[in-house]
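# Breakdown of the fold
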Amino acid sequence: MKLKWTLFTGIILLAIGIILRVNTDLGYQPILFIIVGVLLKTYYIISKAKSGEYRPGYELIILFLGLLLLFLGIYFRSQELSFISSFLVVCGIVFKVVFIILFIVNIRFHRKVLE
């Protein structure tokens, strides 16, 4: 099943939403881009799990920790704690990148097993 378009579209929409959120004063539009991007990426992960190409493991814990750190960093930014918020956001992004790498490794491993 070729669903990579959902993954890439989700990543692009997420990046556009983040760029718009940081660089413009738009209200809800950047958040809408971010939400749709996250939903497309989530759909991709769930479809891979249903097809058997991906078996969820400990990397999901890394993803949830990354999301938690990212959201805490965003929250602390609104509380005028810039150092803590920057640190948490960077750590959250690092955790999310580690998840992506482990996700790709997991899919490639299961693809080789299925062949």
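Read on for an overview of the structure. (Residues numbered from 1 in each chain as written. Predicted model: local features only at pLDDT ≥ 70, side-chain atom pairs only at ≥ 80, totals over all residues. Heavy atoms only, no water.)

### So, the environment of K4
Looking at the element boundaries, K4 is found in helix α1 (residues 4-23). Placed 96 residues apart in sequence, K4 and I100 show a C-alpha to C-alpha distance of 14 Å. (Helix = DSSP H or I, 4+ residues; strand = E, 2+ residues; numbered from the N terminus.)

### Focus on the nonpolar core
Core analysis: the biggest nonpolar cluster contains eight residues, these being Y44, I45, Y54, I62, L63, F99, F103 and I107. For this core, the elements supplying multiple residues, two or more each, are α2 (29-51), α3 (59-78) and α4 (82-114). Per-element tally for this core: the top contributor is α4, with three residues. Residues in contact with F99, not counting those within four places in the same chain, are I45, Y54, E59, L60, I62 and L63. (Core = buried A, V, L, I, M, F, W, Y, C linked by side-chain atoms within 4.5 Å. Buried < 20%, exposed > 50% of the residue type's maximum accessible area, 1.4 Å probe, protein only. Contact = heavy atoms within 4.5 Å.)

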